[in-house]
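Descriptive analysis of the structure
If you want the building blocks of each chain, they are given just below.
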Amino acid sequence: MFENLPLKLLSILLASLVWLFVMGEEHSERSYTVPVQISRLAEGLVLLNEEDYVVEVRVSGPRGILNNLSDDDFAATLDLAPYGKGEVDVPIPKEAILSPKGVSITRIRPATIRVHLDSVVEKEIPLKGVVHGDPAAGYEVGGVELEPASLRLTGPESLLAQITEIPTTPIDVTGLTGNATLPVQVDFQRHLVSWPPRPLLAQVKVSPRMVTRTLPVAMEVTGKVRDGYQVTKVEVAPASVSVRGPQRVVERLAKVSAGEVEVTGRHRSLSRRRTLAPPADGVTFPEGDRVSLRVEITERLEERVVEVHANLHGEVDPDYQVGAVQVVPDRVRLRGPHHTVAKMKRVETVAVEIDGARRLITAHPHLRLPTGVRRVDDGSTLTVIVPVEERIISRTLPVHPNFNDDLPAGLRVKRLTTRPSEVEVTGPARRLRDLDQVATRALVYPKAPGTYPMPAVALALPEGASKVVPGQVAISLTLATPSLRRRLPVHPTLEGVLPAGLRLTEVVVKPGQVEVSGPEAKLEAVTELATEPISLARVGATRSLTVHVVAPAGVEVATPEVAVTLTIESER
């Protein structure tokens, strides 16, 4: 135990001195860059963002120790086993940092790191064959089938969700003229994704190249149409069709035949629907094989000279009339279908407007021609001349005796007759329109009462009129002393008094006025008429009486009797 005791004591002394030196040395801080290592993951998970995680570690300690340290003297390890699927911010504790003795950790930056953990899954992904090169001329690749058609990949779920297909290495089809089976490999690499190795085969289908062309459709018309008719148009709709087939076959085709259409003895156009026959083996009609055939058959055109008739529209002014209409030229040469031209006797112009006209009209209208008919002469302009003349009419008008003086004083016309009372007047309509009578020559009233026959009184010809039939009339005039007609009030004549205790409250006369006639001298002095006397002494109550009207001598009463109502009341 006590062997080499002096040496041991010296060692202890020296160690104590070193410890005292170190403990007494000045402390300082320094930062180091430390990589972070992932130690564990939960089962079934994978770390997507496999990157170089680093943290800055700040430590403190004696300056002498720190001066001898480097980044490699530190290490950081994180355990991710406690964490599940998704993005996680994982804290870095001081315990995760392995550091040399004699130093202490004061800060870790960043304090956390973000990791993305995802589930490891399997997924069946289809393979896609990639073709390289071209088969022999006139052939094409119809498709590629892979065996197997898909691979089962293992990897992160989010990565596999982004993969829709796996390409192969290029499959060389250069010069192939038929189907072939070729080995192939997967041209695919993806980090964290794997699959079991297995051989792959590509079944390449090579067939003649199919091309599409547009070819005209041809139709043949056979036979002869009816005499007098002709084939004017042959149509196929559509005029061309698409054909599809092997390239070497289709390129030799020039047209597609729609067959024959027989027209012997026909005189009407005809239409047919027909299914086209393939022009060669293996050729089809991708857009349809039905076509419409039409053969237009029309009559032979003929020429004919026909008259021209002016077509007038409207009516001239009521006081005028249309005279003899002229058309220049009055005949034209027309060309058109036989059955149309053969029936034409004349041709009309378009409407010439004459509505309200009062004078000569000159127009240059076109012809109104049937469909298919046209004018083939020199084509000179048509001129239509429409004379417009005053219209001559006859009217029956009453005869008016024309007395050019006043009736003598003290006389009146008792009767005036004319035979005939009406005559026929002839002349321009506009002048006769406002006439309402025909006057006689000037007459003079006789000076005394009496009847005066005038057997042949000449009629005056109205202004503008050309004739009056008959030209004379017989007139009979009777003059008499004038009499006066008036309406005068009727005043009842009451006599006597009412019995005691009664009183008269109202007297009503109906009618209250009557018409009288008589010599003017007598009627001018009469202002009212009286009734025959009514005795009040004989009236004991309200009564209605019919009484006569009393008029002066020579005066006639139109209503000789009136009704008089007396209203009697008791004085109590």
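**Remarks on the overall build of the chain**
When helices and strands are counted, the chain shows seven helices and 49 strands. The C-alpha atoms of the chain give a radius of gyration of 69 Å, which is well past the 25 Å a tight globule of 572 residues would have. Taken over 572 residues, the chain has a buried fraction of 32%. For the chain, the proportion of contacts with a sequence separation of at least 24, taken over those separated by at least 6, is 75%. Summed over its atoms, the accessible surface of the chain is roughly 34,600 Å², and 50% of this surface lies on carbon and sulfur atoms. Computing the positive centroid from 67 side-chain charges and the negative centroid from 70, the chain places the two 10 Å apart.

**Observations concerning the pattern of salt bridges**
A full pass over the atoms with the stated rule returns 23 salt bridges. In this structure, Arg114 engages Glu87 in a salt bridge whose closest nitrogen and oxygen atoms are separated by 3.8 Å. Here Arg114 is found in strand β8 (residues 112–128), whereas its partner Glu87 is found in strand β5 (residues 86–91), with 27 residues between them in sequence. According to the relative accessible area criterion, Glu87 is exposed, its value standing at 54%. Residue Glu390 is joined to Arg430 by a salt bridge in which the shortest nitrogen-to-oxygen separation is 2.0 Å. Of this pair, Glu390 sits in strand β33 (residues 388–390) while Arg430 sits in helix α6 (residues 429–432), and the two are 40 residues apart along the sequence.

**Concerning the sheet that holds strand β3 (residues 53–62)**
Taken in spatial order, the five strands of this open sheet run β6-β4-β1-β3-β7, and their pairing is mixed. Lying at the two open borders of the sheet, with one neighbouring strand each, are β6 (97–98) and β7 (104–109). Judged from the 10 bridges that link them, strand β1 (residues 27–41) and β3 form a sheet pairing that is antiparallel. For Pro35, the partnering residue across the bridge sits in β3 and is Val54.

**Section: the environment of Ala76**
Among the secondary structure elements, Ala76 is positioned in strand β4 (residues 75–80). Excluding residues within four positions of it along the chain, Ala76 makes contact with Val34, Pro35, Val36, Gln37, Ala96 and Ile97.

**Notes on the side chain of Thr567**
Residue position: Thr567 is located in strand β49 (residues 561–570). Every residue in contact with Thr567, bar those within four places of it in the chain, is listed here: Arg503, Leu504, Thr505, Glu506 and Thr542.

**Considerations on the sheet that holds strand β34 (residues 392–403)**
With mixed pairing, the four strands of this open sheet are ordered in space as β37-β34-β36-β39. Looking at which strands have only one partner, the edges of the open sheet turn out to be β37 (438–443) and β39 (467–469). Neighbour to neighbour, the strand axes of the sheet diverge by 35° on average, direction disregarded. Bridging between β34 and β37 involves four bridges; their strand directions are parallel. Each residue of the ladder has a partner; that of Val399, found in β37, is Val438.

**A word on the packing of aromatic side chains**
Under the criterion given, the structure shown has two aromatic pairs. Here Phe403 and Tyr445 contribute two aromatic rings whose centre-to-centre distance is 4.1 Å and whose plane-to-plane angle is 5°, an arrangement assigned as stacked. Here the residue Phe403 occupies a position in strand β34, and Tyr445 occupies one in the loop between β37 and β38 (450–458), the gap between them amounting to 42 residues. Tyr445 shares its class with Phe403; the two are buried.

**What about unusual backbone geometry?**
With the exception of glycine, most residues fall at negative phi, and the peptide bonds are largely trans. A cis amide bond links Val328 to the next residue, Pro329, at an omega of -10°. Along the chain, Pro329 falls in the loop between β25 (326–328) and β26 (331–337). With omega at -5°, the peptide bond leading from Val469 into Pro470 counts as cis. Examined against the element boundaries, Pro470 turns out to sit in the loop between β39 and β40 (472–480). In this structure, Leu192 is a non-glycine residue whose phi angle is positive, near 75°. Counting through the fold element by element, Leu192 comes out in the loop between β14 (180–184) and β15 (200–208). Take Leu192: its relative accessible area is 26%, and that puts it in the partly exposed class.

Cut-offs used in this document
- Residues numbered from 1 in each chain as written.
- Predicted model: local features only at pLDDT ≥ 70, side-chain atom pairs only at ≥ 80, totals over all residues.
- Heavy atoms only, no water.
- Helix = DSSP H or I, 4+ residues; strand = E, 2+ residues; numbered from the N terminus.
- Rg over C-alpha atoms; globule rule 2.2 N^0.38 Å.
- Buried < 20%, exposed > 50% of the residue type's maximum accessible area, 1.4 Å probe, protein only.
- Contact = heavy atoms within 4.5 Å.
- Areas by Shrake-Rupley, 256 points an atom, 1.4 Å probe, with all protein chains shown as cover.
- Lys, Arg positive; Asp, Glu negative; His and termini not counted.
- Charge placed at Lys NZ, Arg CZ, Asp CG, Glu CD.
- Salt bridge = Lys/Arg side-chain N within 4 Å of Asp/Glu carboxyl O.
- Pairing = 2+ DSSP bridges.
- Axes fitted to C-alpha atoms, helices over the stretch in contact; angles between N-to-C directions.
- Phe/Tyr/Trp six-rings, centres within 6.5 Å; stacked < 30°, edge-to-face > 60°.

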